[in-house]
Amino acid sequence: GQTMKFWTSLQSLKCGFNDLGYEGLELLVPAICDCLQLEELDLQGNDLGAIGAGLLAKCLISCTSLRSLNLAHNRIGYEGLTEISQNLQFCPGLASVNLSASCIGGRRSDTQSTQGLVAFSQALLHCTNVVDLDLSSNRFVRETQPMA
């Protein structure tokens, strides 16, 4: 009814720092997926974790108008980053991505973290309009080889 009409024309959703967790996001996901004109999605600081990132990744398929995605301070980790990366191709107009303080970095020998970053960098190849990318405060560590 009326609620669905509202969501379909929504262009900006700012829901940051509301302590949603993945449980709260799970309630919003069906509505977000119906936001066919959504250009800005700000869910920073909601402790979404990898599960929440996986839920949100499903919405990216229908949010093809998305230009700004803010998932900062959500501890999505490399698992969540990988989930999001799988569907970024559906958001070719994406211009701004904020993943600061999202725990997507890793330790020196953390292969899974590296794989998540590789998946993300490959996904960005489909998002040629990105002009603002914030990956600060993720504790990236360069992999090094032991000296012989």
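Conventions we followed
- Residues numbered from 1 in each chain as written.
- Predicted model: local features only at pLDDT ≥ 70, side-chain atom pairs only at ≥ 80, totals over all residues.
- Heavy atoms only, no water.
- Helix = DSSP H or I, 4+ residues; strand = E, 2+ residues; numbered from the N terminus.
- Buried < 20%, exposed > 50% of the residue type's maximum accessible area, 1.4 Å probe, protein only.
- Contact = heavy atoms within 4.5 Å.
- Areas by Shrake-Rupley, 256 points an atom, 1.4 Å probe, with all protein chains shown as cover.
- Pairing = 2+ DSSP bridges.
- Axes fitted to C-alpha atoms, helices over the stretch in contact; angles between N-to-C directions.
- Salt bridge = Lys/Arg side-chain N within 4 Å of Asp/Glu carboxyl O.
- Expected span 1.5 Å × (residues − 1).
- Core = buried A, V, L, I, M, F, W, Y, C linked by side-chain atoms within 4.5 Å.
- Bend = angle between axes of the 7 residues up to and from the residue.

**Let's talk about the overall build of the protein chain**
A count of helices and strands for the protein chain gives five helices and five strands. When the elements of the protein chain are put in sequence order from the N terminus, they spell out α-β-α-β-α-β-α-β-α-β. Across the 148 residues in the protein chain, those meeting the buried criterion constitute 46%. Pairs at least 24 residues apart make up 86% of the contacts formed inside the protein chain by residues separated by at least 6 positions. Summed over all atoms, the accessible surface of the protein chain reaches about 8,100 Å², with 52% contributed by carbon and sulfur.

**Let's talk about the sheet that holds strand 2 (residues 40-42)**
Ordered in space as 1-2-3-4-5, the five strands form an open sheet in which the pairing is parallel. Bordering the open sheet on either side are strand 1 (12-14) and strand 5 (132-134), each of which pairs with just one other strand. Across the sheet, the mean angle separating the axes of adjacent strands is 5° when strand polarity is ignored. Across three bridges, the pairing between strand 4 (residues 96-98) and strand 5 is parallel. What sits directly across from Asn-98, in strand 5, is Asp-134.

**Here we look at the pattern of salt bridges**
Applying the stated criterion across every chain yields a total of one salt bridge. Salt-bridge contacts for Arg-75 lead to Asp-47; the nearest nitrogen and oxygen are separated by 2.5 Å. Of this pair, Arg-75 sits in the loop between strand 3 (68-70) and helix 4 (77-87) while Asp-47 is found in the loop between strand 2 and helix 3 (49-60), placing the two residues 28 residues apart along the sequence.

**Things to note about helix 5 (residues 111-123)**
With 13 residues, helix 5 should cover 18 Å at 1.5 Å per step; its first-to-last C-alpha distance of 18 Å lies within 8% of that length. Of the surrounding elements, those touching the buried residues of helix 5 are helix 4, strand 4 and strand 5.

**Some remarks on the nonpolar core**
The biggest cluster of nonpolar side chains holds 39 residues, and the ones touching the most others in it are Leu-25, Ile-32, Leu-38, Leu-41, Leu-43, Leu-56 and Ile-84. If we ignore the near neighbours within four places in the chain, the residues touching Ile-32 are Leu-13, Leu-25, Leu-38, Leu-41, Cys-59 and Cys-63.

**Things to note about helix 2 (residues 21-33)**
Spanning 13 residues, helix 2 covers 18 Å between terminal C-alpha atoms, matching the ideal 18 Å at 1.5 Å per step. Of all bends in helix 2, the biggest is about 40°, found at Leu-27, and the proline Pro-30 comes one to four residues later. Among all positions of helix 2, only Gly-21, Gly-24, Leu-25, Leu-28, Val-29, Ala-31, Ile-32 and Cys-33 are buried.

In short, shape yes, function no, at least from these values alone.
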